[in-house]
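Chain residues, written in single-letter form:
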Amino acid sequence: MYRFLSTSCKSKSLKHHHCSLSHFLPSSFLLNPSNNHQIQSNAENSTKSPSRYLSFHRFNQNAGFSCCRIGFARFFSYGYFLNGAHLRGFGRSFSSETGRESMEYDVVIVGAGPAGLSAAIRLKQLCQEKNVDLSVCVVEKGAEVGAHIISGNVFEPRALNELLPQWKQEEAPINVPVSSDKFWLLTKDRAFSLPSPFNNHGNYVISLSQLVRWMGVKAEELGVEIYPGFAASEILYDTNNEVIGIATNDMGIAKDGSKKDTFQRGVELRGRLTLLAEGCRGSLSETLIKHFKLREMSQAQHQTYALGIKEVWEIDEGKHNPGEVIHTLGWPLDQKTYGGSFLYHMHDRQIAIGLVVALNYHNPFLSPYEEFQKLKHHPAIKSLLEGGTVLQYGARTLNEGGFQSIPYPVFPGGAIMGCSAGFLNVPKIKGTHTAMKSGMLAAEAAFGALHEGIKMETYWDTLRNSWVWEELRRARNYRPAFEYGLFPGLAISGLEHYILKGKLPFTLKHGKPDHEATEVARLHSPIDYPKPDGVLSFDIPTSLHRSNTNHDHDQPPHLHLRDPKIPELVNLPEYAAPESRYCPARVYEYVPDEKNQLKLQINAQNCLHCKACDIKDPKQNIEWTVPEGGGGPGYSVM
């Protein structure tokens, strides 16, 4: 992977200047005349001329040209040419202390997901409304916008209606309305219908990764600069301990720490304000929550999480019912483990099927991945999948703490948005609309802070006065009710949902943090999971291939052990090596050494960036950090 960074100086004489592509692109790409003509003609035909522009280029020797920025024109591997506005107010400098290029923006946003892109779009809308020019950039660790986005998504368009009211006319990939809503209680062989607590009338079954791609186009049309393939790895502070931006990690470093021929120093993106929208368990967000004690400031409880595992299938036409939505509780999980499955009929004979398992489960022998494989053999589901084909596989953790666990979202120099702060509505199993709204509110506060001198703390005030806050407050007791088991949880949550309408006069507390909930192995019996049949159930390597996950093998591992002795001294003898089971990508496995002693082997190249290890490790010994930008899964329909 080669990286090229180019900048031009601000000069009137450069108004109509276009730099030669040979300055930026590898000769192997220029040898293809058709490619050269396509990119060059796009740059020459543009009517916008940036007074100062930034060029990020990425070339993969195996896959060919994947992403390029020439001035303001970008070609993505999924076939779009996007026009971005010029970086008015953009500045470039060089830090002698760090040896890194430094670029300045008014607002730096980390994460091109629903929250980050909603914030970027709303900022540029306000700029148009008020005739103000603020430079906004979004940095995204995925190889392209949407590559790391996965959700089982029944989409509530409330926030999108506010943000982009003409989304239907602008051909957003939202075209399968919910046609039916079913709720099942599963036993091993049967499915019992229950009254559905979900009200999905007016919602849509979508692919969130596709929606995010569309939002990226809309953001760039407004002048937002989006840089996929660059991982934000470091928070930048000034001498007053205020956040002044982020730095991307260095590229081209070998596993042994030496610099390869392709070495490229990381880049500092400095902002007057920095907004974090990294998704669930964002590494920089978690750093700032601890650094500024944001959870203590709002008197929030600890966050609790679940792991969602998902596949997209293509099934027989006769079995496909576009818009049908099914949720389940019960089997294959035991009555003490919270979770459930979903099955959504999408378009083009596609269905999304998945299992969500709360990570506060007790049995260290439990494997969420294997439980998902069992689920697909249930008689009510098996008949639907038979004759079908798996198109894609993926996994991601999600926040389940809800109202009780929201940290104070404002820090000196910026704010935290979306699932990084934990705005998921657990009983709805929806967090996209709340994440988008939080991004919009953060953008409005940021605009007020930069243009009108209003304090960024207004974000906290407007958030608490918004429909997001009221929605989460009404749903606050659903998840902790299941601390008492499946059927007590159904009784309490049913009372809260149908009778009290979210007005229970007290707020239930969450149990132990997820890692503390794991019990020692001697209290449980091993679970004998059936071998995959290769038709409905599959081994992890087969599934991993369907996730399009890829990392450069010769790079420093991004999964760190705080104490390298704990796996062999604690996790293996006391907990029977739970990391080998809670990881849905077989990143962690114990293999015998030359003395036939089991040692932990970390296969970091398999990582799906789900963050389960960062959450569930019993001794919190695993630290998840970002790998080289562009690595990880490559989702397209998730």
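Residue numbers restart at each chain and count upward from 1, following the sequence in its written direction. For this predicted model, a pLDDT threshold of at least 70 governs which residues receive local features, and a threshold of 80 or more governs which side-chain atom pairs are given and counted, while totals over whole chains, interfaces and linings are taken from all residues. Just so you know, side-chain values use all the structure's heavy atoms and leave hydrogens and water out.

Per an unreviewed UniProt entry, the protein is named Electron transfer flavoprotein-ubiquinone oxidoreductase, mitochondrial-like, and its organism is Melia azedarach.

1. Describing the packing of helix α3 (residues 114–130) against helix α5 (residues 208–221)
The axes used here are C-alpha line fits, helices contributing only the stretch in contact, and every angle between their N-to-C directions lies in the interval 0 to 180 degrees. For the purposes of this entry, the term helix denotes a DSSP run of H or I that reaches at least four residues, the term strand denotes a run of E that reaches at least two, and both are numbered from the N terminus. Axis separation between α3 and α5 bottoms out at 10 Å; the angle between their running directions is 20°. On the basis of their axis angle, the class for α3 and α5 is roughly parallel. As α3 packs across α5, the resulting crossing turns out to be left-handed. Residues P114, L117, S118 and I121 of α3 lie in contact with α5, whose contacting residues are L208, V212, M215, G216, K218 and A219. Class assignment of the residues belonging to the contact of α3 with α5 gives a composition of seven nonpolar, two polar and one charged. Each angle receives one of four descriptions, namely roughly parallel if under 35 degrees, roughly antiparallel if over 145, roughly perpendicular if within 65 to 115, and oblique otherwise. The hand of a helix crossing depends on one turn: near helix anticlockwise from the far one by less than a right angle means left-handed, and clockwise means right-handed. Contacts were defined at the residue level, with two residues in contact if any of their heavy atoms lie within 4.5 Å. Charged means Asp, Glu, Lys or Arg here, nonpolar means Ala, Val, Leu, Ile, Met, Phe, Trp, Tyr, Cys or Pro, and polar covers whatever is left, Gly included.

2. Some thoughts on the pairing of strand β21 (residues 339–345)
Each residue is assigned to one of three classes by its accessible area relative to the maximum for its type, calculated with a 1.4 Å probe on protein chains only: buried under 20%, partly exposed between the two thresholds, exposed over 50%. The buried count for β21 comes to seven of seven residues, which makes it a mostly enclosed element. For β21 and strand β22 (residues 350–358), the ladder comprises seven bridges, and the chain directions are antiparallel. Note that in β22 the partner of H345 across the bridge is I351. Count of turn residues in the β21/β22 antiparallel hairpin: four residues, of which D348 carries a positive phi of about 50°. Strands are labelled as partners when DSSP assigns at least two bridges between them.

3. What about the pairing of strand β8 (residues 136–140)?
β8 sits mainly inside the fold: five of its five residues count as buried. A two-sided burial pattern is seen for β8, the buried positions comprising V136, V138 and E140 on one face and C137 and V139 on the other. Here four bridges tie strand β7 (residues 100–110) to β8, and the two strands are oriented parallel to one another. Within β8, the position partnered with V110 by the bridge is V139. We call a crossover right-handed when, viewed with the strands running away from us, the connection from the first strand over the helix to the second turns clockwise. Once you follow β7 into α3 and on to β8, the crossover reads as right-handed.

4. Some remarks on the environment of G216
With respect to the helices and strands, G216 occurs in helix α5. Once the C-alpha coordinates of G216 and E144 are considered, the two residues, 72 residues apart in sequence, prove to be 10.0 Å apart. If we ignore the near neighbours within four places in the chain, the residues touching G216 are L117 and I226.

5. What about the state of the cysteines?
The disulfide definition used here is simple: a pair of cysteine sulfur atoms within 2.5 Å. By the definition in use, this model includes zero disulfides. The structure places no disulfide on C280, whose sulfur is separated from the nearest cysteine sulfur, that of C419, by 6.7 Å. Classification of C280 as buried rests on a relative accessible area of 3%.

6. Quick look at the side chain of K124
Within the secondary structure, K124 sits in helix α3. The charged-residue count follows a simple rule in which Lys and Arg add positive charge and Asp and Glu add negative charge, with His and chain termini not counted at all. Any Lys or Arg side-chain nitrogen located within 4 Å of an Asp or Glu carboxyl oxygen qualifies as a salt bridge. D133 provides the closest opposite charge to the buried, unpaired K124, separated from it by 4.1 Å. Leave out the neighbours within four places in its chain, and K124 touches D133, L134, S135, V136, L222, G223 and V224.

7. Describing the confidence of the model for the protein
pLDDT is a residue-level measure of predictor confidence that goes from 0 to 100. For the protein, the mean per-residue pLDDT works out to 87, and 85% of the residues sit at or above 70. When the criterion is pLDDT under 50, residues 1–90 qualifies, and its contacts beyond four places in sequence or with other chains add up to 175 contacts.

8. Here we look at the pattern of salt bridges
Per the counting criterion, the structure on display carries 24 salt bridges. Note that D250 and R265 form a salt bridge whose closest N and O atoms lie 2.7 Å from each other. You can see D250 sitting in the loop between β15 (243–248) and β16 (251–253) and its partner R265 sitting in the loop between β17 (259–264) and β18 (267–276), a full 15 residues away along the chain. The salt bridge involving E400 is made with R479; its shortest N-O contact spans 2.8 Å. Here E400 is found in the loop between β23 (389–399) and β24 (410–411), whereas its partner R479 is found in helix α13 (residues 478–481), with 79 residues between them in sequence. A relative accessible area of 5% means that E400 is categorised as buried. Take R479: its relative accessible area is 3%, and that puts it in the buried class. Overlapping salt bridges bring together R100, E234, E268 and R270 as one network.

9. Describing the side chain of N200
As for its position among the elements, N200 is in the loop between β11 (191–194) and β12 (204–205). Exposure remark for N200: the relative accessible area of 2% places this residue in the buried category. With sequence-adjacent residues up to four places away left out, N200 is seen in contact with V154, V178, D181, V325, H327 and K430.

10. Regarding the environment of Y588
Its place among the elements puts Y588 in strand β27 (residues 588–592). Classification of Y588 as buried rests on a relative accessible area of 2%. Put simply, Y588 and P578 are 10 residues apart on the chain and 9.2 Å apart in space, counted from C-alpha to C-alpha. Dropping the residues within four chain positions of it, Y588 is found in contact with L559, E579, S580, C583, L600, Q601, I602, C613 and I622.

11. Focus on helix α10 (residues 432–452)
Here the expected length of a helix is defined as 1.5 Å per residue gap, with one fewer gap than residues. In this model α10 runs 29 Å from its N-terminal to its C-terminal C-alpha over 21 residues, within 8% of the 30 Å that 1.5 Å per residue would give. Buried residues dominate α10, accounting for 17 of its 21 residues. Just beyond α10, the residue with positive phi is G453, at close to 75°.

12. Topic: the packing of aromatic side chains
In this analysis, rings of Phe, Tyr and Trp, with Trp reduced to its six-membered ring, are considered paired at centre separations within 6.5 Å, and the interplanar angle assigns stacked below 30 degrees, edge-to-face beyond 60, and tilted for intermediate values. The final tally for this structure, using the stated rule, is 12 aromatic pairs. For the ring pair W313 and F538, a centre distance of 6.3 Å and an interplane angle of 45° mean the geometry is tilted. In this pair, W313 sits in strand β19 (residues 305–314) while F538 sits in the loop between α15 (514–517) and α16 (540–546), placing the two residues 225 residues apart along the sequence. Each member of the pair, W313 as well as F538, is classed as buried. Aromatic pair Y478 and F482: ring centres 5.3 Å apart, planes at 50°, arrangement tilted. The pair formed by Y478 and F482 is uniform in burial state, with each residue classed as buried.

13. A few points about helix α6 (residues 283–291)
Burial in α6 covers these residues: S283, L284, S285, E286, L288 and I289. Phi turns positive, to about 55°, at K293, one or two residues after α6.

14. Let's talk about a nonpolar patch on the surface
Put simply, a patch holds well-exposed residues, over 30% relative accessible area, that have no salt bridge, with like charges counted together within 9 Å and Val, Leu, Ile, Met, Phe, Trp or Tyr side chains within 5 Å. Shrake-Rupley sampling with a 1.4 Å probe provides the accessible areas, and residues are treated as covered by the protein chains on show and by no other component. Judged by side-chain polarity, L495, Y498 and I499 come together as a nonpolar surface patch covering roughly 310 Å² of accessible area. Turning to its location among the elements, I499 is positioned in helix α14 (residues 486–499).

15. Re the sheet that holds β19
Pairing is mixed in the open sheet, where seven strands are placed in the order β11-β10-β20-β21-β22-β19-β23. One side of each edge strand has no neighbouring strand; the edge strands of this open sheet are β11 and β23. Across the sheet, the axes of successive neighbouring strands diverge by a mean angle of 20°, strand direction being ignored. Both strand β20 (residues 324–330) and β21 contribute to a ladder of four bridges, which runs antiparallel. Paired with T328 across the two strands is S341, which belongs to β21.

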